[in-house]
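Letter by letter, the chains look like this.
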Amino acid sequence: LRVHTVVGLLMPLLVAVHAGWRFTGLIGLGFWAMLTVTLSGVVGRYIYVHIPRSLSGAELSREEAAEQRRTLLKRIALTTGRDPAAVERALMTAVAPAPAAGALRIVRRMVLDDLARDRAIRALRREWERPAPGLPSLDRGALEEALALARRELALEQQVRMLDAARRVFGYWHVGHRPIAMTALI
């Protein structure tokens, strides 16, 4: 998949250089089809990363994802020296329900969730940089580790919540991406 991604991103540039930056006739049609496939691939990759996976790349079940979330919460609590329940409350974001229908609505929800996750991480950074009453302040390394774990936990929570919707949209994406890719190839 990595080779596919790199080649998919570089091919339009190589074709443009080879064609001398002239895109008329059949060459132009092929180039624009290839560029469309590349942009579609970027969207597909964005949707793909919203389906929870293990380090080996296998898709996680809801139970496996929930176990990973529990482990992450414990590690964050251990790193920050805070109570696991307090960590869980701090990680609670404005959780919107997964949209019922509409591929564009689902992708929009994914983007909004990603933006909300970034805001939540900035808020956690501000909160955890200040020493909590009765707790020592976190050193820079521990803070960065805790924030990385928090970012992963929030992403996993979003992925679990949007799992069925993301699978459905990814299926729709495949239906559109392949014919355009075949057109570009031909």
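Look a little higher up for the structure.
Predicted model only: the values in this text are computed from it and were never measured. Within any chain, residue numbers begin from 1 and follow the written order of that chain's sequence. Thresholds applied to this predicted model are a pLDDT of at least 70 for local features of residues and 80 or more for the giving and counting of side-chain atom pairs; totals over whole chains, interfaces and linings are not thresholded and use all residues. With hydrogens and water stripped out, all remaining heavy atoms of the structure feed into the side-chain values.

Draft legend 1. Just the overall build of the protein chain, in detail. Secondary structure elements follow DSSP: runs of H or I of four or more residues count as helices, runs of E of two or more count as strands, with numbering from the N terminus. Each helix and strand in the protein chain was counted, giving 7 helices and 0 strands. In the protein chain, the succession of α and β elements from N to C terminus is α-α-α-α-α-α-α. Computed over its C-alpha atoms, the radius of gyration of the protein chain comes to 21 Å, more than 25% above the 16 Å expected for a compact globule of 186 residues. Along the first, second and third principal axes, the C-alpha atoms of the protein chain reach 70 × 35 × 30 Å. Taken across its 186 residues, the protein chain has 34% of its residues classed as buried. Two residues qualify as a contact provided that any one of their heavy atoms is within 4.5 Å of a heavy atom in the partner residue. Taking all contacts inside the protein chain whose residues are at least 6 apart in sequence as the whole, residues at least 24 apart take part in 73%. Accessible surface for the protein chain amounts to roughly 11700 Å². Of this, 65% is attributable to carbon and sulfur atoms. For the radius of gyration, the atoms used are the C-alpha atoms, and the globule rule reads 2.2 Å times the number of residues raised to 0.38. The cut-offs for exposure are 20% and 50% of the maximum accessible area for each residue type, with area from a 1.4 Å probe on protein chains only; residues under the lower value are buried, those over the upper are exposed, and the others partly exposed. Each accessible area is a Shrake-Rupley estimate made with a 1.4 Å probe; only the visible protein chains count as cover when residues are assessed.

Draft legend 2. Representation of unusual backbone geometry. Located in the positive-phi region is Trp21, a residue other than glycine, with phi close to 60°. Residue position: Trp21 is located in the loop between helix H1 (2-18) and helix H2 (25-48). Judged by relative accessible area, Trp21 falls into the exposed class, the value being 54%.

Draft legend 3. Representation of the nonpolar core in the model. Side-chain atoms within 4.5 Å are what join buried Ala, Val, Leu, Ile, Met, Phe, Trp, Tyr and Cys residues into a set we call a nonpolar core. Of all hydrophobic cores here, the largest spans 22 residues; its most connected members are Ile76, Leu91, Leu124, Trp128 and Ala150. Of all the secondary structure elements, the ones that give two or more residues to this core are helix H3 (62-80), helix H4 (84-91), helix H5 (103-129) and helix H6 (140-161). The element contributing the most residues to this core is H6, with 9 residues. Those residues in contact with Trp128 that sit more than four places away from it in its chain are Ile76, Thr80, Arg82, Leu138, Leu143, Ala146, Leu147 and Ala150. Of all hydrophobic cores here, the second largest spans 11 residues; its members include Ile51, Met110, Met162 and Val169.

Draft legend 4. Main features of H3. With 19 residues, H3 should reach 27 Å at 1.5 Å per residue; the first-to-last C-alpha distance of 27 Å fits that figure. Turning to H3, its buried residues number three or more, namely Ala65, Leu72, Leu73, Ile76, Ala77, Thr79 and Thr80. Viewed along the axis of H3, the buried residues span an arc of 160°, placing them on a single side of the element. Every exposed residue of H3 that faces more than 90 degrees away from the buried side is listed here: Glu63, Lys74 and Leu78. Elements that come into contact with the buried residues of H3 comprise H4, H5 and H6. At the exit of H3 stands Gly81, carrying a positive phi of roughly 75°. Expected span of a helix, by definition, is 1.5 Å for each gap between consecutive residues, and there is one gap fewer than residues. Directions are taken from the helix axis to each C-beta atom, and the arc is the one they span.

Draft legend 5. Focus on H1. Relative to the 24 Å expected for 17 residues at 1.5 Å per residue, H1 spans 24 Å between its end C-alpha atoms, a close match to the ideal helical length. Buried residues of H1: Pro12, Val15 and Ala16, and no others. Of the surrounding secondary structure, the elements contacted by the buried residues of H1 are H2. Just downstream of H1, Gly20 is the residue with a positive phi angle, here 65°.

Draft legend 6. Representation of the pattern of salt bridges. A side-chain nitrogen of Lys or Arg and a carboxyl oxygen of Asp or Glu constitute a salt bridge if their distance falls within 4 Å. The final tally for this structure, using the stated rule, is 8 salt bridges. Note that Glu67 is salt-bridged to Arg70, the shortest N-O span being 2.8 Å. Highlighted residues: Glu67 and Arg70, both in helix H3, separated by 3 residues, approximately one helical turn. Classification of Glu67 as partly exposed rests on a relative accessible area of 40%. Each of Arg125, Glu129, Arg140 and Glu144 takes part in salt bridges that share partners, so that together they form one network.

Draft legend 7. Structural context of a positive patch on the surface. There is a patch of like positive charges on the surface, built from Arg119, Arg122, Arg126 and Arg130. You can see Arg130 is positioned in the loop between H5 and H6. What makes a patch is a set of residues exposed beyond 30% relative accessible area and free of salt bridges, joined within 9 Å when like-charged and within 5 Å when nonpolar (Val, Leu, Ile, Met, Phe, Trp, Tyr). Only four residue types enter the charge count: Lys and Arg as positive, Asp and Glu as negative, with His and the chain ends excluded. Where a charge lies is defined by one atom per residue type: Lys uses NZ, Arg uses CZ, Asp uses CG and Glu uses CD.

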